[in-house]
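# Report on the structure
Chain by chain, the residues run as shown.
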Amino acid sequence: MEITLSLVKPDGVRKNFIGDVMKRFEQNGLKIVGLKMLHLTKKQAEGFYAVHKERPFFHDLTAFMCSGPIVAMAIKGENAIKKVREIMGATDPGKADKGTIRRDFGNGIEENVVHGSDSKESAQFELPYFFDALSLNG
Ligand code: UDP
Ligand code: MG
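Predicted, not measured: the structure shown is a model, and the values here were computed from it.

In this section: unusual backbone geometry. Here the phi dihedral of Asn16 falls at roughly 65°; this positive angle occurs in a residue that is not glycine. If you trace the backbone, Asn16 turns up in the loop between helix H1 (10-14) and helix H2 (18-27). You can call Asn16 exposed: its relative accessible area is 63%. Positive phi, close to 75°, is recorded for Val113, a residue that is not glycine. Its location among the elements puts Val113 in the loop between helix H6 (101-105) and strand E4 (114-116). Val113 sits in the buried class, given a relative accessible area of 0%.

As a structural note, the neighbourhood of ligand 1 is formed by Lys9, Tyr49, His52, Phe57, Leu61, Arg85, Thr91, Arg102, Ile109, Glu110 and Asn112. One of the side-chain N or O atoms of Arg102 is found 2.9 Å from an oxygen atom in ligand 1. Summarising the interface, the protein chains cover 82% of the accessible area of ligand 1, which totals 510 Å² for the free molecule. Residues belonging to the shell around ligand 1 are distributed by class as follows: four nonpolar, three polar and four charged.

All right, on to the nonpolar core then. Ranked by size, the top nonpolar core spans 18 residues in total, and within it Leu5, Leu7, Met65, Phe130 and Phe131 carry the most contacts. Sorting the residues of this core by element identifies strand E1 (2-8), helix H3 (42-48), helix H4 (58-65), strand E3 (70-77) and helix H7 (120-130) as the ones contributing at least two each. Among the elements that take part in this core, H4 stands out by supplying four residues, more than any other. Of all hydrophobic cores here, the second largest spans 17 residues; its members include Val13, Met73, Ile75 and Phe105.

Another aspect to go through is helix H5 (residues 80-88). If you check which residues of H5 are buried, you get Ala80, Ile81, Val84, Ile87 and Met88. The arc that holds the buried residues of H5, viewed along the axis, is 135°, so those residues lie on one side. Here the buried face of H5 lies against E1, H2, E3, H6, E4 and H7. One or two positions beyond H5, positive phi appears at Gly89, with a value near 90°.

A word on the packing of aromatic side chains. Here the structure, examined in full by the defined rule, presents six aromatic pairs. Considering the side-chain rings of Phe125 and Tyr129, the 5.9 Å spacing of their centres and the 55° angle between planes classify their relative orientation as tilted. One end of the pair, Phe125, and the other, Tyr129, are both in helix H7, four residues apart, so they sit about a helical turn from each other. Aromatic pair Tyr129 and Phe130: ring centres 5.7 Å apart, planes at 50°, arrangement tilted.

Basis of the calculations
- Residues numbered from 1 in each chain as written.
- Chains lettered and ligands numbered in written order.
- Predicted model: local features only at pLDDT ≥ 70, side-chain atom pairs only at ≥ 80, totals over all residues.
- Heavy atoms only, no water.
- Helix = DSSP H or I, 4+ residues; strand = E, 2+ residues; numbered from the N terminus.
- Buried < 20%, exposed > 50% of the residue type's maximum accessible area, 1.4 Å probe, protein only.
- Near = heavy atom within 4 Å.
- Polar contact = N/O pair within 3.5 Å; in protein donor to acceptor, adjacent residues only side chain to side chain.
- Areas by Shrake-Rupley, 256 points an atom, 1.4 Å probe, with all protein chains shown as cover.
- Nonpolar A, V, L, I, M, F, W, Y, C, P; charged D, E, K, R; others polar.
- Core = buried A, V, L, I, M, F, W, Y, C linked by side-chain atoms within 4.5 Å.
- Arc of directions from axis to C-beta.
- Contact = heavy atoms within 4.5 Å.
- Phe/Tyr/Trp six-rings, centres within 6.5 Å; stacked < 30°, edge-to-face > 60°.

Listed below in structure tokens is the structure:
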């Protein structure tokens, strides 16, 4: 069993895709074991995406991530990290497979509706950003 972190990004919340995103994860046998809506500050968004701080898109990405509320989900299941990434689809919705969240709901490479941890290491860094161990169920 793995636990991974997923976010409905501000574009997904603005466009009323919270339910659709959760439904895709649940329909694929994953369990939502932590759930929280919050509005990041710029500093918090920069901390969360620190891995990308040298990238040209860092400023725009972190501004976007604090442009409105997000929904954080802790998601549990067998191979949850890989499964969530598959259900999300590729970063660029135009290149994502049919039937993925980003392909179906994304607007472009930045406004792509969801985030998902990409490895055990990133899940370990990202989960405590939003959840403490005791607040996770199941
Ligand atoms: N992003 C962007 N421009 C790019 C690449 C990424 O705006 O050229 C944004 C996009 O929102 C993406 C996030 O930065 O989801 C993190 O990028 P990463 O390469 O980690 O993609 P992900 O893991 O989200 O698929
Ligand atoms: Mg990533």
